[in-house]
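Architecture at a glance
Below are the chains, spelled out letter by letter.
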Amino acid sequence: MAKILSGKELAEKMRQEMKSEIDELKTHHNLVPGLAVVLIGDNPASLSYVKGKEKACARVGILSREYKFDADYKEEQLLKLIRELNNDPLIHGILVQLPLPDHINEEEILYAIDPTKDVDGFHPVNIGKMMIGAPSFLPCTPHGIQQLLLRNNIEISGKHVVIVGRSNIVGKPLAMILVQKNPGANATVTMCHTRTKNMAEITKLADILVVAAGRPHTVNAGMVKQGAVVIDVGVNRIEDKSKKRGYRLIGDVEFDEVSEKASAISPVPGGVGPMTITMLLHNTIQSAKNHAGIK
Ligand code: NAP
């Protein structure tokens, strides 16, 4: 049976470390990291993500300020708010929860965020820095995946990493992070997507297989090499009348059969999800230190 890569346990440990660091910053520098979370509309998944982020901030001692508006909030109003937050000395990180309603240009909004407060790591300046291997805010999900591997003593250097999915928030930045000539990276990376031919032939070559397709049952045991490490990023809601809320969450990987073959596997829920929020906290602390000139 595969080792279970629990993001929940690791996130808890990392958040304890962060809490101690924040206590230090408060005591010695009178510095409280601050995160602004902006939510437009009432998408239930977004509401639950935002709630999770705010709860995590409160537990480690990050000040979080919520800006919640109706779905008809205007783009100009949102741009004005972002300009104010860019200039607010108590706010070190600005997070605009995606997706935004159709009448708001997502690119325009993300580009308006001061790159030094872009704790999601989605601004082109930070994406460019990540690509050339310069210090930057790394996007939280791929950074969380890298930490989940490294902190479980899984060697990445020299390994063949196959990533299913090429989105701008998971697949592409993960490839960019893991291919860097840096400690904790140096992987050989292959990316797959919906136009990939004979995908199973490629996934079977992976030492580390990361699946971020957003579709249940994308990867089964026949697509995995014996002893591979499997990271399941997918989060899919499946109707389940036995649950109070009427659904349960599953990943993109056939967990039971793949865990018979893999050496290690991340579960859904409790795998990559908690790591994503943890890296957001990490970026917010980093930003507060950068703004205060603390090394
Ligand atoms: P996305 O933007 O929809 O991208 C999905 C990618 O997977 C696309 O590149 C798509 O290919 C590819 N794909 C879809 N079905 C495929 C298949 N059958 N075979 C090969 N490739 C396939 O999704 P995303 O934002 O990256 O998110 C992916 C999943 O991760 C979702 O379930 C999301 O909820 C989850 N997620 C979780 C976290 C977390 O913190 N746990 C964070 C972010 C995302 P094309 O480009 O060809 O369309």
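Residues numbered from 1 in each chain as written. Predicted model: local features only at pLDDT ≥ 70, side-chain atom pairs only at ≥ 80, totals over all residues. Heavy atoms only, no water.

Turning next to the packing of helix H6 (residues 140-150) against helix H7 (residues 171-178). Each pair of packed helices can be described by the angle between their axes along with the distance between the axes. With their axes 8 Å apart at the nearest point, H6 and H7 run at an angle of 45° to one another. Looking at the two axes, H6 sits oblique to H7. Crossing geometry of H6 relative to H7 is assigned as right-handed. In contact with Pro142, His143, Ile145 and Gln146 of H6, H7 contributes Pro173, Leu174, Ile177 and Leu178. (Axes fitted to C-alpha atoms, helices over the stretch in contact; angles between N-to-C directions. Helix = DSSP H or I, 4+ residues; strand = E, 2+ residues; numbered from the N terminus. Parallel < 35°, antiparallel > 145°, perpendicular 65-115°, else oblique. Left-handed = near helix turned anticlockwise from the far one by under 90°. Contact = heavy atoms within 4.5 Å.)

Looking now at the sheet that holds strand E4 (residues 93-96). One open sheet holds the three strands; their spatial order is E3-E2-E4, and the pairing between them is parallel. Pairing within the sheet leaves two strands with one partner each, and these edge strands are strand E3 (63-69) and E4. Neighbour-to-neighbour, the strand axes of the sheet open up by a mean angle of 15°, direction not taken into account. Here four bridges tie strand E2 (residues 34-40) to E4, and the two strands are oriented parallel to one another. (Pairing = 2+ DSSP bridges.)

Attention shifts here to the site of the ligand. Around the ligand sit 19 residues, and of these Arg166, Ser167, Thr194, Arg215 and Thr276 come closest. In this structure, a nitrogen atom belonging to the ligand sits 2.9 Å away from a side-chain N or O atom of Arg215. Measuring from an oxygen atom of the ligand, one finds a backbone N or O atom of Val235 at 2.9 Å. Protein contacts shield 71% of the accessible area of the ligand, which totals 930 Å² for the unbound molecule. (Near = heavy atom within 4 Å. Polar contact = N/O pair within 3.5 Å; in protein donor to acceptor, adjacent residues only side chain to side chain. Areas by Shrake-Rupley, 256 points an atom, 1.4 Å probe, with all protein chains shown as cover.)

One pass over the structure, following the stated rule, counts one aromatic pair. Ring plane angle 10° and centroid distance 3.9 Å describe the contact between Phe69 and Tyr73, whose orientation is recorded as stacked. Classification of Phe69 as partly exposed rests on a relative accessible area of 23%. Residue classification places Tyr73 among the buried residues on the basis of a relative accessible area of 13%. Over the aromatic face of Tyr247 sits the side chain of Arg237, whose NZ or CZ is 4.2 Å from the ring centroid. (Phe/Tyr/Trp six-rings, centres within 6.5 Å; stacked < 30°, edge-to-face > 60°. Buried < 20%, exposed > 50% of the residue type's maximum accessible area, 1.4 Å probe, protein only. Lys NZ or Arg CZ within 6 Å of the ring centre and 35° of its normal.)

Bringing the pattern of salt bridges into the picture now. Should their charged atoms come close, side chains of opposite charge can pair. Within this structure, the stated rule accounts for ten salt bridges. Residues Lys19 and Asp23 are paired through a salt bridge, measuring 3.7 Å at the closest nitrogen-oxygen approach. Of the two residues, Lys19 and Asp23 both sit in helix H1 (residues 7-29), four residues apart, roughly one turn of that helix. Given a relative accessible area of 34%, Asp23 falls into the partly exposed group. The residue Lys204 makes a salt bridge to Glu201 at a minimum N-O spacing of 3.9 Å. (Salt bridge = Lys/Arg side-chain N within 4 Å of Asp/Glu carboxyl O.)

As a further point, take H6. By the criterion of burial, H6 is predominantly enclosed, with ten of the eleven residues buried. Listed in full, the buried residues belonging to H6 are Cys140, Thr141, Pro142, His143, Gly144, Ile145, Gln146, Gln147, Leu148 and Leu149. Next to the buried residues of H6 lie H1, H7, strand E7 (208-211), strand E8 (229-232) and helix H10 (272-292).

Right, let's talk about empty space enclosed by the protein for a bit. A full pass over the atoms with the stated rule returns one cavity of 30 Å³ or more. As a volume, the largest cavity reaches approximately 40 Å³. In terms of lining, the largest cavity is formed by Ile94, Val96, Leu110, Ile113, Asp118, Asp120, Phe122 and His123. Partitioning the lining of the largest cavity into residue classes produces five nonpolar, one polar and two charged. (1 Å grid on protein atoms, 1.4 Å probe; cavity = no way out; pocket = protein on both sides within 12 Å on 5 of 7 lines; lining within 4 Å. Points joined across faces, edges and corners; volume = space filled by probe spheres on them. Nonpolar A, V, L, I, M, F, W, Y, C, P; charged D, E, K, R; others polar.)

The subject of this paragraph is the domain arrangement of the protein. Segmentation of the protein into domains returns domain 1 (31-114) and domain 2 (140-273). One C-alpha centre belongs to domain 1, the other to domain 2, and the line joining them spans 28 Å. (Domains from an automatic or database assignment.)

Below, the discussion takes up the side chain of Ser6. Counting through the fold element by element, Ser6 comes out in the loop between strand E1 (3-4) and H1. A polar contact of 3.0 Å, which involves the side chain of Ser6, links it to the backbone nitrogen of Glu9. With sequence-adjacent residues up to four places away left out, Ser6 is seen in contact with Leu148 and Gly270.

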